[in-house]
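# Working through the structure, step by step
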Amino acid sequence: MKDIFKAIEEVAFSIDSAIKNEDLGYSDSENSSGEEQLKLDVQSDKIIEDRFASVSSVKALVSEEKEGVLEFDNDGEYTLCYDPLDGSSLVDVNLSVGSIFGIYKGELKGDNIVASAYVVYGPRIELVWVEKGKAPILYRAKGREFKEIGEIKLNPKGKLNASGGTQQHWEAKHKAFIDGLFANGYRLRYSGGMVPDLHQILLKGGGLFSYPATTDKPNGKLRQLFEVIPFALVYESAGGSAIDDKGKRLLELVPSHPHDTSPCFFGSNSEIEALQVAYGI
Ligand code: AHM
Ligand code: MG
């Protein structure tokens with residue numbers, strides 16, 4: 001898995017450079033979820049594809065920006081599912097964005113994720129890497145290298161609350177639950193980039209990130225293979241919890257299509273328990 005980690009370190013620097021220097025406009029294509037692609041989305045995707053073509057342990061790539069699976073001609077054991085530039089529409093207002101990677105062995109489902117990583121492109125570049133069964137490790141870029149900072153551990157209870165989706169389309173039980181958190185002193189922290197939003201909750205000791213089912217998006221917005229399952233591994237490995245709106249662990253999701261989405265909740269154990277009570281799950 002070292003070769004995968006090294007490739008992620010390298011693409012992180014290349015994508016950061018593209019964010020800082022390249023054109024912000026739209027490309028003339030759409031991704032498989034029918035969303036317009038920015039030139040930066042396409043470019044970040046290509047940076048990852050080109051680099052991973054020479055990682056022999058990776059036999060296939062599945063990108064949020066492309067339909068289908070790209071198979072390499074090697075005997076690799078892993079499939080890399082990735083979102084090359086999550087939250088890319090925030091680049092033009094100069095907010096933090098990220099890349100997310102899930103490394104799967106065998107069928108593409110939650111139970112088969114063996115490691116995941118994400119990179120935050122903010123005032124600094126940070127990388128979090130986790131292997132199943134171990135704690136997530138935070139790295140920070142210094143010059144052209146990542147230095148290990150330490151393990152990430154969530155507190156049992158936090159103070160931050162981040163919920164996505166348009167409030168107008170929230171279900172009543174979700175609205176009541178979120179109102180209840182604020183009534184109990186939680187602070188709103190939501191930038192619209194799941195990587196920095198989930199990163200903030202992890203590093204500030206805890207809280208809750210939700211992307212619920214809404215009346216306009218009954219299966220939520222966030223994609224299982226590229227976004228939801230990789231972060232579920234990070235949160236559970238940091239001592240927290242990650243479930244869907246039925247109370248099922250996100251690490252038990254079995255997507256029927258690579259671009260399937262799921263309602264998702266990531267947080268400290270206390271907030272996830274409160275959610276289960278409020279949702280009756
Ligand atoms: P993207 O993959 O097209 O960038 O969309 C994912 C982003 C997440 O980073 C973020 O949590 C969510 O979309 C925000 O959506 P909303 O504006 O509906 O809250
Ligand atoms: Mg995304």
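This is a predicted model, so every value here is computed, not measured.

Here the focus is the coordination of the magnesium ion (ligand 2). Here the magnesium ion (ligand 2) is held by the protein donor atoms Glu64 (OE), Asp83 (OD), Asp86 (OD) and Glu227 (OE), which lie 1.9 to 2.8 Å from it. Of the residues examined, Glu64 reaches a relative accessible area of 4% and is grouped as buried. Glu227 sits in the buried class, given a relative accessible area of 0%.

Taken as a whole, this structure holds 17 salt bridges when the rule is applied. With its nearest N and O atoms 3.6 Å apart, the salt bridge here joins Arg223 to Glu64. Residue Arg223 is found in the loop between β13 (207-211) and α5 (224-237), and its partner Glu64 is found in the loop between β3 (58-63) and β4 (70-71); the two are separated by 159 residues along the sequence. Here Arg223 and Glu64 have matching classes, each one buried. Residues joined in a network through salt bridges with shared partners are Lys6, Glu10 and Arg51.

Our focus in this paragraph is the site of ligand 1. Near ligand 1 you find 18 residues, and of these Asp86, Gly87, Tyr190, Met194 and Tyr211 are the closest. One of the backbone nitrogen or oxygen atoms of Gly87 is found 2.7 Å away from an oxygen atom of ligand 1. Taking Tyr211, its side chain carries an N or O atom lying 2.6 Å from an oxygen atom of ligand 1. Notes on ligand 1: free accessible area 470 Å², of which the protein chains cover 80%. When contributions to the shell around ligand 1 are tallied by element, the ones reaching two or more residues are β5 (78-86) and β13. Looking at side-chain class alone, the shell around ligand 1 contains five nonpolar, six polar and seven charged residues. Residue assignment places the shell around ligand 1 across two domains, with domain 1 (2-151) and domain 2 (160-279) each supplying three or more.

So, on to the sheet that holds β13. With respect to topology, five strands assemble into an open sheet ordered β12-β11-β13-β15-β14, the strand pairing being mixed. Taken across any chain shown, the strands that pair with only one partner, and hence form the sheet edges, are β12 (187-188) and β14 (241-243). Strand direction decides the pairing type here: strand β11 (residues 160-163) and β13, joined by four bridges, are parallel. By the bridge assignment for β13, Ser163 is matched with Ser210. Lying on the sheet, helix α4 (residues 194-203) is in contact with β11, β13 and β15 (264-267); it crosses β13 at an angle near 155 degrees.

Tracing the backbone through its elements, the reader meets Asp41 in helix α2 (residues 39-52). One buried charge, Asp41, has no salt-bridge partner; the nearest side chain with opposite charge is Arg223, at 9.1 Å. A polar contact is formed between the side chain of Asp41 and the backbone nitrogen of Leu38, at a distance of 2.9 Å. The contacts of Asp41, once residues within four sequence positions are left out, are Glu36, Glu65, Pro84, Leu85 and Ser88.

In this section: α2. Residue pairs three or four apart in sequence face the same way in an α-helix, which turns once every 3.6 residues. For α2, which comprises 14 residues, the first-to-last C-alpha distance of 20 Å matches the rise-based estimate of 20 Å (1.5 Å per residue) to within 8%. Residues of α2 that are buried include every one of Leu40, Asp41, Ser44, Asp45, Ile47, Ile48, Arg51 and Phe52, and no others. The arc that holds every buried residue of α2, seen down its axis, measures 155 degrees, which confines them to one face. Check the buried side of α2 and you find it contacts α1 (2-21), β2 (36-38), β3, β5 and β6 (97-105).

Let us look at the packing of aromatic side chains. Evaluation of the coordinates by the stated rule reveals nine aromatic pairs. Taken together, a centroid distance of 6.4 Å and an interplanar angle of 70 degrees make the contact between Phe231 and Phe266 edge-to-face. Of this pair, Phe231 sits in helix α5 while Phe266 sits in strand β15, placing them 35 residues apart in sequence. The burial state of Phe231 is the same as that of Phe266; both residues are buried. Site record: aromatic cluster; members linked through ring pairs are Tyr118, Tyr190, Phe209, Phe231, Tyr235 and Phe266.

Bringing a nonpolar patch on the surface into the picture now. Taken together, the side chains of Phe182, Leu188 and Tyr190 make up a nonpolar region of the molecular surface, amounting to roughly 280 Å² of accessible area. With respect to the helices and strands, the residue Leu188 is situated in strand β12. On the accessibility criterion, Leu188 (55% relative accessible area) is exposed.

Cut-offs applied
- Residues numbered from 1 in each chain as written.
- Chains lettered and ligands numbered in written order.
- Predicted model: local features only at pLDDT ≥ 70, side-chain atom pairs only at ≥ 80, totals over all residues.
- Heavy atoms only, no water.
- Donors = N, O, S within 2.8 Å, 3.2 Å for Na, K, Ca; no water.
- Buried < 20%, exposed > 50% of the residue type's maximum accessible area, 1.4 Å probe, protein only.
- Salt bridge = Lys/Arg side-chain N within 4 Å of Asp/Glu carboxyl O.
- Helix = DSSP H or I, 4+ residues; strand = E, 2+ residues; numbered from the N terminus.
- Near = heavy atom within 4 Å.
- Polar contact = N/O pair within 3.5 Å; in protein donor to acceptor, adjacent residues only side chain to side chain.
- Areas by Shrake-Rupley, 256 points an atom, 1.4 Å probe, with all protein chains shown as cover.
- Nonpolar A, V, L, I, M, F, W, Y, C, P; charged D, E, K, R; others polar.
- Domains from an automatic or database assignment.
- Pairing = 2+ DSSP bridges.
- Contact = heavy atoms within 4.5 Å.
- Axes fitted to C-alpha atoms, helices over the stretch in contact; angles between N-to-C directions.
- Lys, Arg positive; Asp, Glu negative; His and termini not counted.
- Expected span 1.5 Å × (residues − 1).
- Arc of directions from axis to C-beta.
- Phe/Tyr/Trp six-rings, centres within 6.5 Å; stacked < 30°, edge-to-face > 60°.
- Patch = residues over 30% accessible without salt bridge, like charges linked within 9 Å, V, L, I, M, F, W, Y side chains within 5 Å.

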